[in-house]
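# Tertiary structure, described
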Amino acid sequence: MSRFEPPPSRRASLDARSAILAAACVALFLLFALQQVVIGHGLGEGLSLGSTAMRLFAVAASMWLLWKNGIPPLCRLPLISILGCLCVLALSTLMSEHRLIALKFAIRYATQLAMLWCLLNLVIVYPRLQAALVRAAVATLWIGILIGLGSRWTLGPAREMALMFHSAEVLRYLPRISGLYEHPSVFGAVAVLVAVMTTQFHARGVVGRPTLLAAYAGLAATLVLTEARNPLVPLLLLAALSAARRRGRGRLLALALLALLAVLAAMAVWRRYDELTSASSETLLTMFTLGRTYLWAGAIAAWSDHPWLGLGPGVFQFLTPDFTGGRFLRGELHAHNLLLGIMSETGLAGLLAMVGVVAAFVIPVSTRRDPAARRWAGIWFVTIVGLGLFDFYLP
């Protein structure tokens, strides 16, 4: 035994503590996901247990971390950028012509920003949390898969459990599963993020190969079961970039992955062919993007009308028919593009604020003499941008 390795009894104790911590993180995430358990009413809609718990946790944990540890140096730039985003949200809401809708979404976005700040603090101040959080993310991915399958096949109370996390309207997507989320594509996007995160932490030695294999298996199962196309975009981009930059065996592996992803994309198109070709009178791009070209044009028109602060957080989806010639239903569809979503809702000010958030995470990495860290920053950038090309996953 190496003198740096803990004795077997100590190692077993550490493993048990790590498992308990991961289980606690899973339980906390499931609590946050209880969006259909209504505990009150406000702003004209139900107040969910999950959102309330998330806000209480973010505020309480942030205050406790600030009191105990202050602001870690690595968190200073992110804090400034997040405060900038909150200011833009407040201004955009105040200037919106649909203030009540904007306020509802501003609160949601502010909650997510608070959670981002809280989690960043936690993993920096308590690095041992990283392994537990990664394992918890993989575990909740599989819980979502199991709940989705149980709901699809009506096994036991699975459907009733699913309706605690999302509304009954989501069941219209069956046999495509959505897990704990409001749409199959969101579930697919979460699976991609979990897989990328697990790969990074496995490369750093934080989690082992079993966790990595579980993340990859969960990703593959989710992509097949959701039949989602959007989450394939960043994976295709990453595989193509890897094939272009690598040589020898690495290139062959990247090309094999690219071929596998192309097969998954072909399967998704084949299984949803009737849906994708239902508007055959439209152009090819409009048909296969299910009308996204009209949404993109409408989002550009909305931004042109309100260039600096946008229509207000979340407002565009309730005015979609006004900017798309009467197409689509109110409250149903957002801009389906990250850039256009930000600009239509919060204008150039929101775009600059979000660029500031990205810069706050990239600048500390780019100034380090660590090629691996810079490479992972690039991978995450491609992942986030790839997910945002045909959808809007900001919340």
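As a starting point, this report considers the structure included with it. Here the structure is a predicted model, which means the values were calculated and not measured.

## With respect to the side chain of Asn337
Residue placement: Asn337 occurs in the loop between helix 14 (320-323) and helix 15 (338-366). From its side chain, Asn337 meets the backbone nitrogen of Leu339 in a polar contact 3.1 Å long. In this structure the side chain of Asn337 is engaged in a polar contact, spanning 3.0 Å, whose partner is the backbone oxygen of Leu389. Once you skip the residues sitting within four places of it in the chain, Asn337 turns out to touch Trp296, Gly388, Leu389, Asp391 and Phe392.

## A closer look at the environment of Trp303
Among the secondary structure elements, Trp303 is positioned in helix 13 (residues 292-305). When its relative accessible area of 25% is taken as the criterion, Trp303 is described as partly exposed. Note: C-alpha distance between Trp303 and Glu345 (42 residues apart in sequence) is 7.7 Å. When sequence neighbours within four positions are dropped, the list of residues in contact with Trp303 reads Met343, Ser344, Gly347 and Leu348. There is a polar contact of 3.2 Å between the side chain of Trp303 and the backbone oxygen of Pro307.

## Topic: the layout of surface pockets
Considered as a void within the structure, the second largest pocket measures approximately 1100 Å³ in volume. Considering the residues around the second largest pocket, the lining is formed by 26 residues, among which Thr199, Leu238, Ala239, Ser242 and Leu257 are closest to the centre. At the level of secondary structure, the elements contributing two or more residues to the lining of the second largest pocket comprise helix 7 (184-203), helix 8 (209-226), helix 9 (232-245), helix 10 (249-271) and helix 16 (371-387). In terms of residue count, helix 10 provides more of the lining of the second largest pocket than any other element does, 7 residues in total. Per-class residue counts for the lining of the second largest pocket are 19 nonpolar, 4 polar and 3 charged.

Cut-offs applied
- Throughout this document, residue positions are counted from 1 along each chain, in the order its sequence is written.
- Only residues with pLDDT of 70 or above have their local features reported here, since the model is predicted, and side-chain atom pairs are shown and tallied only from 80 upward, although totals for entire chains, interfaces and linings are computed over all residues.
- Only heavy atoms go into the side-chain values, all of them from the structure, while hydrogens and water stay out.
- Helix and strand labels come from DSSP, where a helix needs a run of H or I of at least four residues and a strand needs a run of E of at least two; each type is numbered from the N terminus.
- Polar contacts, as used here, are pairs of N or O atoms within 3.5 Å; protein pairs need one atom able to donate a hydrogen and one able to accept it. Residues neighboring in sequence count only if both atoms are side-chain atoms.
- For this analysis, residues touch if any pair of their heavy atoms sits within 4.5 Å.
- The classification of residues rests on relative accessible area computed with a 1.4 Å probe and restricted to protein chains. Under 20% of the type maximum is buried, over 50% is exposed, and intermediate values are partly exposed.
- For each structure, a 1 Å grid was placed over the protein atoms alone; sets of points admitting a 1.4 Å probe that cannot get out are labelled cavities, open sets with protein on both sides within 12 Å along at least five of seven lines are labelled pockets, and lining residues have an atom within 4 Å of a point.
- Grid points are joined across faces, edges and corners, and a volume is the space filled by probe spheres set on the points.
- Gly falls in the polar group here, along with every residue not listed as nonpolar (Ala, Val, Leu, Ile, Met, Phe, Trp, Tyr, Cys, Pro) or charged (Asp, Glu, Lys, Arg).

By themselves these figures say nothing about function.
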